[in-house]
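# Summary of structural features
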Amino acid sequence: MPGLPGAAGALRADEPAPASQKPATEQKPAAEQKADKAPEPGHSMHGETFDEGPRQAAYLMQGMGNIQFAITTKNEDTKKFFNQGVAQLHGFWYYEAERSFRQASMLDPECAMCYWGMAMANVNNRKRAEGFITQAVERKSQGSEREQMYIDAAHKRFREKSDGKKLSKKEIAQAYTRDLEELVLKYPEDIEARAFLGLQLWENERSDLPLASHVAVNSVLQDVFDKNPMHPAHHYRIHLWDRRQPAQALASAAQCGPSLPGIAHMWHMPGHTYSNLNRFQDAVWQQEASARVDHAHMMRDHILPDQIHNFAHNNEWMIRNLLKIGRVNDAVSLATNMIQLPRHPKYNSLKGGSAKYGRERLLLTLSSYRLWPEVIAAIQSGLIERGEEPATQVECLRYLGVAHAMLDQAAPAADILAQLNSRLAKVEAEWKALTDEEKPVLKAASPDEGVPPAPQPRTPDKSMPVAAAASAAKATCEDEAKKKAEAQKIADEDKKKAEANRKRLATERAEKKKQLEPIRKQLMESVAAVQAAQASRAGQWDRAIELSDKAGSWDKLLKVEWLAKAGKLDKALEMAAAEIKSNPGTVLPGAVQTYVRWQSRGASDAKAEFEKLREAAGTSDLATPLLARLKPLALELGFGEAWTLPYQAKTDIGPRPNLDSLGPFRYSPYNAPTWEAKTRAGEIVSSNKFAGKPVVVIFYLGFGCLHCLEQLQEFSPVADKFKSAGIELVAISTESTEELAKGIDNYAKPLAIPLLADPALNTFKSFRCFDDFEKKPLHGTFLIDAQGKVLWQDISYEPFKDEEFLLKESARLVKTVSRQ
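Bear in mind that the values here come from a model prediction, so they are computed numbers and not experimental data.

## Side note on unusual backbone geometry
Here the phi dihedral of Asp 208 falls at roughly 65 degrees; this positive angle occurs in a residue that is not glycine. Examined against the element boundaries, Asp 208 turns out to sit in the loop between helix 8 (191-203) and helix 9 (214-227). Phi at His 302 is positive, roughly 60 degrees, even though this residue is not glycine. By the secondary structure assignment, His 302 is in the loop between helix 13 (280-301) and helix 14 (311-324).

## Looking at the nonpolar core
Residues Trp 562, Phe 610, Leu 630 and Trp 643 are the most contacted members of the largest nonpolar core, which totals 89 residues. The leading source of residues in this core is helix 20 (residues 466-537), at 10 residues.

## Focus: helix 13
Between the first and last C-alpha of helix 13 there are 31 Å, a value that for 22 residues agrees with the 32 Å anticipated at 1.5 Å per step. Across the 22 residues that make up helix 13, a large majority, 20, are buried. His 302, located one to two residues past helix 13, shows a positive phi value of around 60 degrees.

## Side note on the packing of helix 10 (residues 234-241) against helix 12 (residues 264-276)
Between helix 10 and helix 12, whose axes approach to 10 Å, the crossing angle comes to 25 degrees. Judged by the angle between their axes, helix 10 and helix 12 are roughly parallel. Here helix 10 and helix 12 pass one another in a crossing that is left-handed. Contacts between helix 10 and helix 12 involve His 235, Ile 238 and His 239 on the former and, on the latter, His 265, Met 266, Met 269, Pro 270, His 272 and Thr 273. Within the contact of helix 10 with helix 12, the residues separate by chemical class into four nonpolar, five polar and no charged.

## Focus: the packing of helix 12 against helix 14
It is at 11 Å that the axes of helix 12 and helix 14 come closest, and there the two elements cross at 30 degrees. At the point where helix 12 passes helix 14, the crossing takes the left-handed sense. On the side of helix 12, the interface is formed by His 268, Gly 271, His 272 and Ser 275, while helix 14 contributes His 313, Asn 314, Trp 317 and Asn 321.

## Some points on the pattern of salt bridges
Under the definition given, this model contains 54 salt bridges. Taking the shortest distance from any N to any O, the salt bridge between Arg 194 and Asp 223 comes out at 3.3 Å. Residue Arg 194 is found in helix 8, and its partner Asp 223 is found in helix 9; the two are separated by 29 residues along the sequence. On the basis of relative accessibility, which here comes to 16%, the residue Arg 194 falls in the buried class. Here Asp 479 ties to Lys 483 by a salt bridge, and the two come within 3.6 Å at their closest N and O atoms. Within this pair, Asp 479 and its partner Lys 483 are both found in helix 20, separated by four residues, close to a single helical turn. Put simply, Glu 316, Arg 320, Lys 356, Glu 360 and Arg 361 are held in one network by salt bridges that share partners.

## Considerations on helix 21 (residues 541-548)
Trp 541, Ala 544, Ile 545, Leu 547 and Ser 548 are the residues of helix 21 that are buried. Down the axis of helix 21, the buried set is contained in an arc of 165 degrees. They therefore lie on one face. Check the buried side of helix 21 and you find it contacts helix 20 and helix 22 (556-565).

## Looking at the pairing of strand 5 (residues 695-700)
Within strand 5, six of the six residues are buried, which leaves the element mostly enclosed by the surrounding structure. Residues Val 695, Val 697 and Phe 699 line one face of strand 5 and the alternating positions Val 696, Ile 698 and Tyr 700 line the opposite face, and both faces are buried. Alignment of strand 5 against strand 6 (residues 728-733), held across six bridges, turns out to be parallel. Considered in strand 6, the bridge of Val 697 is made with Val 730.

## Regarding the side chain of Asp 758
Structurally, Asp 758 is set in the loop between strand 7 (755-757) and helix 31 (762-766). Lys 765 provides the closest opposite charge to the buried, unpaired Asp 758, separated from it by 8.7 Å. Side-chain polar atoms of Asp 758 contact the backbone nitrogen of Thr 763, separated by 3.0 Å. Only 3.1 Å separates the side chain of Asp 758 from the backbone nitrogen of Phe 764, close enough to count as a polar contact. Excluding residues that lie within four positions of it along the chain, Asp 758 makes contacts with Glu 676, Ile 732, Ser 733, Thr 734, Glu 735, Thr 763 and Phe 764.

## Re the packing of aromatic side chains
Scanning the model with the defined rule gives 25 aromatic pairs in all. Measuring from centroid to centroid gives 5.5 Å for Trp 116 and Tyr 150, while their planes differ by 70 degrees, and the two rings are edge-to-face. Residue Trp 116 is found in helix 4 (residues 112-120), and its partner Tyr 150 is found in helix 6 (residues 145-157); the two are separated by 34 residues along the sequence. Following the ring pairs from residue to residue traces out a cluster consisting of Phe 69, Phe 82, Phe 101, Trp 116, Tyr 150 and Phe 196. The ring centre of Tyr 115 lies 4.5 Å from the NZ or CZ of Arg 139, which sits over that ring. Over the ring of Tyr 357 we find Lys 356; its NZ or CZ atom is 5.6 Å from the centre of that ring.

## Focus: the confidence of the model for the protein
In the predicted model, the protein carries a mean pLDDT of 90, and 91% of its residues have values of at least 70. Contacts of residues 1-36 to residues separated by more than four positions or lying in other chains number 73 contacts, the stretch itself having pLDDT below 50.

Definitions and limits used
Residues numbered from 1 in each chain as written. Predicted model: local features only at pLDDT ≥ 70, side-chain atom pairs only at ≥ 80, totals over all residues. Heavy atoms only, no water. Helix = DSSP H or I, 4+ residues; strand = E, 2+ residues; numbered from the N terminus. Core = buried A, V, L, I, M, F, W, Y, C linked by side-chain atoms within 4.5 Å. Buried < 20%, exposed > 50% of the residue type's maximum accessible area, 1.4 Å probe, protein only. Expected span 1.5 Å × (residues − 1). Axes fitted to C-alpha atoms, helices over the stretch in contact; angles between N-to-C directions. Parallel < 35°, antiparallel > 145°, perpendicular 65-115°, else oblique. Left-handed = near helix turned anticlockwise from the far one by under 90°. Contact = heavy atoms within 4.5 Å. Nonpolar A, V, L, I, M, F, W, Y, C, P; charged D, E, K, R; others polar. Salt bridge = Lys/Arg side-chain N within 4 Å of Asp/Glu carboxyl O. Arc of directions from axis to C-beta. Pairing = 2+ DSSP bridges. Lys, Arg positive; Asp, Glu negative; His and termini not counted. Polar contact = N/O pair within 3.5 Å; in protein donor to acceptor, adjacent residues only side chain to side chain. Phe/Tyr/Trp six-rings, centres within 6.5 Å; stacked < 30°, edge-to-face > 60°. Lys NZ or Arg CZ within 6 Å of the ring centre and 35° of its normal. pLDDT = per-residue confidence, 0-100.

Written out as structure tokens, the structure reads:
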């Protein structure tokens, strides 16, 4: 944001644009004009296309490379923001790219390429992209022929139909590729066209167009590097060779981060190359660099961690690589940090984001390195939550049961096994009931069941004339036949209904079994896992091995040791060798094989494997039990207590900056701005009133906003619950003190939340609850702790209404911070 630390060259967001530079975002496209209906408070005046996008102004960031993309504009700042946006496109930093292009368009509303940029920043959201490129097309006559070719190419790329016919992904990709080729041929000096062509040729595989030649695409990208060796297209070359021959991208792996040092993803990408080449030390360095750049961005620009694309993925992959090189303590620390980060229903929960990844990776770390006391502590303390879903609850029971059993804690292990069996019994009973209902009920049935018998001819009335009798008999037969037909029709309809009902019930049963199957499987595997651990502690090695095969995902290296103890050494060593082959350059397989050889055949037999392990474990935590147990062997072989060999960095990594220069090692909440607002009586209330205690601050758009009232109605009944948790509540309005007083007096039911007024919107702006482009306030909800740090936030075109979530999350975050 402008004015924030590090915002070099930033334009002030509160400076009004000259009349000649009225933002295009203040000029509604015809398709979005709704003169008869004003947008709801907080929503963009230009429709939903702009609701979800960036609402705060861009600034000229540090570390955005050296992109030079010529566009038609007389405004020098428009050029700067446009070049920044193109750089961010190359770094797949699409949200910030859209912000940069929008800032550029605000400075020059008629610059068509700014809208091209906004469309390109929405490659994963065709609807929004189509809205933006339509605006670019409307203005393209203002640009050069080259710019018009870019716009026309993107216009075709984001359309769904041509001449009324729906286009396939393949057809769209083919047309876009041809258009980029035309740009390259007509403007051979335009390296941006070549870079985008190289990217598209690689991406065509996603559109059912085979990548015929990696070498050919590499040549296109090399043309870019020949003219600009530090072009961020290094990103694309890493993707190109990622699953083919990653060594071909080593030069780009060295240059990718430095080409756009301000974008975290550009530091992350070389981690792909190094991981694929089993160079895990280098991969971890890249992933830590990426995390540090993300942390700096979050803390500088006041956003929450999981709002950043790729942040959680980068960190969870770093944990996996840390485990490969034995940096267990760092893996535990990072996984714990991920669990403790702020959560949000949209982007971070136990179903996805840092919370999910952190939980999974902490369990992986503790179990694979057999830190059983730490497993128990993490679950019992609530760091690893049991959650509300049966799957996470059973997962915790499984890890607890195995940990207790492996520590010879028989009683708690047996208790947990009983809990698992009880759950399994209930699921099996439900499964059996569903299965029994599927069995057909056999019974004999008449082919005419449900149909009345055929009419029998009546005995003729002898007193009736013959003709009349015949006529009466015929009528009777016809009447009976009609009744039978009607009855048959009813019977057929009943059969159809019965069949439809049978099919419906069968579908419902199948769906219930489908939903039941995962938890049933998980429970059976969890029971087997705990029983396997119990058997191993009883020395029943064959039984332990047999049960481990039924336990689903199981530690193969633990099984290696059990095989050795069961007298099956050759099979154990064969399995260990297979693990080493599958995971070259990693610590654990070598550590286990070395230990098994030493215990089974002596130090001399283990020496060769130990020599290899010394190099792989160059940065490992030797106090970890699985490595600490090798200390006597190291002393016997003369390697000393610190038996690892120092890590030797490769020479092809290029110059690397000091990691501290990229950003902090861990994310820390930012300091909340100090603020003031007024009561209905005009008395000033400041943030000092809440110093030393946590507070939730709600920014709402006045009593005229129905959604805001809904939010206040949701939070007011739980105000006492927040207070019981030691958390205050306060709400700040956009209204004047007079309007606030009138709203309170006219409101039907008193609210249990203090309401304040900020008519000048100074506090709204300081908390970024303000659209810098359209100059209007936004909804916001913040949790500020006793030290004045913002632990949680939500800024949006809609108010945050999940009061129960925020109550629970606020209590969790306040408790977590107090422990740190």
